[in-house]
Amino acid sequence: MKLRQFGFIAALLLAASASGSGVMPPDTIAVREPVASVSVVDLDGVADVDFGDSESELTRRGILRTDVDACGPTLAGYDEISPIFIEDRLVLLWAGDPVRTPEGIAAGSPVAEVRASYPTIRELQAPQGTYRFDGLLARDGDRAYLFLHDGQTVRKVIAGYADWAHRLFIEGHAPC
């Protein structure tokens, strides 16, 4: 490399570095999403959406969207949550990160943390020879959380009616 080329490259790097340094105007500083804005799914559902709600009611209220390119209907404002309906009623919510339970469990949480948060959890083993995750079912009355995991980390959180969560695990369905 010639000295002239080296000088030119050094000048470009210096200019690029200088253009990105210094104080940024207040209106251009990235603001982190507040913790309170992370969606929480509990055994009733999520804000404005309860288990047992009908598809038609949620559509009328503008919460259920069918006009997006997804594998099924989506909930407005909840990109990481897939609703599962049976006979026109919401029975499960299939949630991805950053959606959390009230206890703070989300996709990516250690399995040990799930066991500590839900002491009466039931272990569910995926059938051998499949590529499915094992599960942990935390039941409370007719509702439950189903945590699909790889043995170390939660991969998906599913909340809703306990019988439907267990059936989903046994039959091996996903929202798509």
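Asker: Please explain the nonpolar core as it appears in this structure.
Answerer: Nonpolar side chains in soluble globular proteins tend to end up buried together. Within the largest apolar cluster, 44 residues are counted, with the highest numbers of intra-cluster contacts made by Leu75, Leu146 and Phe147. Counting only elements with at least two residues in this core, the list comes to strand S5 (81-86), strand S6 (89-95), helix H3 (111-117), strand S8 (134-140), strand S9 (143-149), strand S10 (154-161) and helix H4 (162-171). Ignoring anything within four residues of it in the chain, the contact list for phenylalanine 147 reads Thr101, Ile105, Val114, Tyr118, Ile121, Asp134, Gly135, Leu136, Ala138, Val154, Lys156 and Val157.

Asker: How should I be thinking about the packing of aromatic side chains in this particular structure?
Answerer: Each pair of aromatic rings is reported with the distance of its centres and the angle of its planes. All told, the structure shown has four aromatic pairs when counted by the stated rule. Pairing tyrosine 118 with tyrosine 145 gives two aromatic rings, centres 5.6 Å apart and planes at 55°, and the pair type is tilted. Of this pair, tyrosine 118 sits in the loop between H3 and strand S7 (122-124) while tyrosine 145 is found in strand S9, placing the two residues 27 residues apart along the sequence. Taking relative accessible area as the criterion, tyrosine 118 reaches 10% and is therefore assigned buried. Ring centres 5.3 Å apart and planes at 40° place the aromatic pair tyrosine 118 and phenylalanine 147 in the tilted group. Taken together, the residues tyrosine 118 in the loop between H3 and S7 and phenylalanine 147 in strand S9 connect sequence positions 29 residues apart. Each member of the pair, tyrosine 118 as well as phenylalanine 147, is classed as buried. An aromatic cluster of at least three residues, connected via ring pairs, comprises Tyr118, Tyr145 and Phe147. The aromatic ring of phenylalanine 169 is capped on one face by arginine 132, whose charged end is 5.7 Å from the ring centroid.

Procedures and definitions
- Residues numbered from 1 in each chain as written.
- Predicted model: local features only at pLDDT ≥ 70, side-chain atom pairs only at ≥ 80, totals over all residues.
- Heavy atoms only, no water.
- Core = buried A, V, L, I, M, F, W, Y, C linked by side-chain atoms within 4.5 Å.
- Buried < 20%, exposed > 50% of the residue type's maximum accessible area, 1.4 Å probe, protein only.
- Helix = DSSP H or I, 4+ residues; strand = E, 2+ residues; numbered from the N terminus.
- Contact = heavy atoms within 4.5 Å.
- Phe/Tyr/Trp six-rings, centres within 6.5 Å; stacked < 30°, edge-to-face > 60°.
- Lys NZ or Arg CZ within 6 Å of the ring centre and 35° of its normal.

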